[in-house]
Amino acid sequence: ARRRPRRLPPPSPALVERACRAVHALTGFQAHVAGRRLEVPFADDHELADLVEALEAAHHRAGGEMGDPGFEPGTSALSERRSNRLS
């Protein structure tokens, strides 16, 4: 007989509030928690690009590097796979 997966308890409301405030402070976007996921809705590619730029800027300010090691700057494994499929 199959066992049903155990349900995880909901996250702490105080922690959810902190996470949503932190996302808003970093990006200007409203976030919410759905189940065990932190979600940041966006309307279109333009808003997604704004969100990505805000996250990259925050990462850069924290001293991090963006992009996948081994790929040229500004590329990712996903964009590399897509371009390989087109070749």
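One structure accompanies this document, and this report is about it. (Residues numbered from 1 in each chain as written. Predicted model: local features only at pLDDT ≥ 70, side-chain atom pairs only at ≥ 80, totals over all residues. Heavy atoms only, no water.)

**Some thoughts on the side chain of T27**
Structurally, T27 is set in helix α1 (residues 13–27). By relative accessible area, T27 is classed as buried at 13%. Within the structure, the side chain of T27 is placed 2.6 Å from the backbone oxygen of V23, a separation counted as a polar contact. Ignoring sequence-local partners within four residues, the contact set of T27 consists of L51, A54 and L55. (Helix = DSSP H or I, 4+ residues; strand = E, 2+ residues; numbered from the N terminus. Buried < 20%, exposed > 50% of the residue type's maximum accessible area, 1.4 Å probe, protein only. Polar contact = N/O pair within 3.5 Å; in protein donor to acceptor, adjacent residues only side chain to side chain. Contact = heavy atoms within 4.5 Å.)

**Observations regarding the pattern of salt bridges**
One pass over the full model with this rule turns up two salt bridges. Two residues, E17 and R21, come together in a salt bridge whose shortest N-O distance is 3.2 Å. Of this pair, E17 and R21 both sit in helix α1, four residues apart, which is roughly one turn of that helix. (Salt bridge = Lys/Arg side-chain N within 4 Å of Asp/Glu carboxyl O.)

**Notes on a negative patch on the surface**
A cluster of acidic side chains, namely D44, D45, E47, D50, E53 and E56, defines a negative patch on the protein surface. Residue placement: D50 occurs in helix α2 (residues 45–61). (Patch = residues over 30% accessible without salt bridge, like charges linked within 9 Å, V, L, I, M, F, W, Y side chains within 5 Å. Areas by Shrake-Rupley, 256 points an atom, 1.4 Å probe, with all protein chains shown as cover. Lys, Arg positive; Asp, Glu negative; His and termini not counted. Charge placed at Lys NZ, Arg CZ, Asp CG, Glu CD.)

**Focus on α1**
The end-to-end C-alpha distance of α1, which contains 15 residues, comes to 21 Å, matching closely the 21 Å that a straight helix rising 1.5 Å per residue would cover. C20, V23 and T27 are the residues of α1 that are buried. All buried residues of α1 fall inside an arc of 60° around its axis, so they share one side. Among the exposed residues of α1, those oriented more than 90 degrees off its buried face are A14, R18, R21 and A25. Those residues of α1 that are buried lie in contact with β1 (32–34), β2 (37–39) and α2. Downstream of α1 by one or two residues, G28 has phi in the positive range, about 85°. (Expected span 1.5 Å × (residues − 1). Arc of directions from axis to C-beta.)

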